[in-house]
Amino acid sequence: LLTSEELTCLNNHLVHCILRIITTHGGNSFTQFQRNIIDSAPATKHKIDLHQTPLHPLPAFDIDESTIVGGAEVVDSI
């Protein structure tokens, strides 16, 4: 469960995300507001620092991952 502060923060972030989508993809009428939306991005102390996640590509496996046995086979195959 979220606290009232967390709910307010979540709501602010969701509204900002929708406004960013509208100004990015809503056509020329909304483009004029892009700078305002970018400048008004909500801040949080929980921001993740920029980093690069290592990739570990795997070959294709003929395993049914929707079963418990298939999930175990994936772990064993890796």
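The coordinates are above.
Computed from a predicted structure; not experimentally measured.

Draft legend 1. Structural detail: the overall build of the chain. Summing up its helical and strand segments, the chain has 4 helices and 0 strands in all. Seen in sequence order, the chain has helices and strands lined up from the N terminus as α-α-α-α. Relative to its length of 78 residues, the chain is extended, with a C-alpha radius of gyration of 21 Å against a globular reference of 12 Å. Across its three principal axes, the chain shows a C-alpha extent of roughly 50 × 35 × 25 Å. Across the 78 residues in the chain, those meeting the buried criterion constitute 8%. As displayed, the chain has an accessible area near 7300 Å², and 60% of this comes from carbon and sulfur atoms.

Draft legend 2. Region of the structure containing the pattern of salt bridges. Per the counting criterion, the structure on display carries 1 salt bridge. Here Asp39 ties to Arg35 by a salt bridge, and the two come within 3.6 Å at their closest N and O atoms. Pair noted here: Asp39 and Arg35 are both in helix α3 (residues 34–39), with a separation of 4 residues, about one helical turn. There is no split in this pair, since Asp39 and Arg35 are both exposed.

Draft legend 3. Summary view of a nonpolar patch on the surface. Taken together, Val15, Ile18, Leu19, Ile22, Phe30 and Phe33 make up a surface patch of nonpolar side chains, about 480 Å² in accessible area. With 4 residues, helix α1 (residues 4–25) is the single largest residue contributor to the nonpolar patch.

Draft legend 4. Looking closely at the side chain of His16. Note that His16 resides in helix α1. Not counting residues within four places of it along the chain, the set of residues in contact with His16 comprises Ile37, Ser40, Ala41 and Pro42.

Draft legend 5. Representation of the environment of Ala43 in the model. Here Ala43 shows up in the loop between α3 and α4 (68–77). Placed 11 residues apart in sequence, Ala43 and Pro54 show a C-alpha to C-alpha distance of 27 Å.

Draft legend 6. Just α1, in detail. Under the 1.5 Å per step criterion, the end-to-end length of α1 is 32 Å for 22 residues, consistent within 8% with the ideal 32 Å. Two residues or fewer past α1, Gly27 is found with a positive phi of approximately 100 degrees.

Cut-offs used in this document
- Residues numbered from 1 in each chain as written.
- Predicted model: local features only at pLDDT ≥ 70, side-chain atom pairs only at ≥ 80, totals over all residues.
- Heavy atoms only, no water.
- Helix = DSSP H or I, 4+ residues; strand = E, 2+ residues; numbered from the N terminus.
- Rg over C-alpha atoms; globule rule 2.2 N^0.38 Å.
- Buried < 20%, exposed > 50% of the residue type's maximum accessible area, 1.4 Å probe, protein only.
- Areas by Shrake-Rupley, 256 points an atom, 1.4 Å probe, with all protein chains shown as cover.
- Salt bridge = Lys/Arg side-chain N within 4 Å of Asp/Glu carboxyl O.
- Patch = residues over 30% accessible without salt bridge, like charges linked within 9 Å, V, L, I, M, F, W, Y side chains within 5 Å.
- Contact = heavy atoms within 4.5 Å.
- Expected span 1.5 Å × (residues − 1).

So, to be careful, I would describe these as geometric facts and stop short of saying anything about function.
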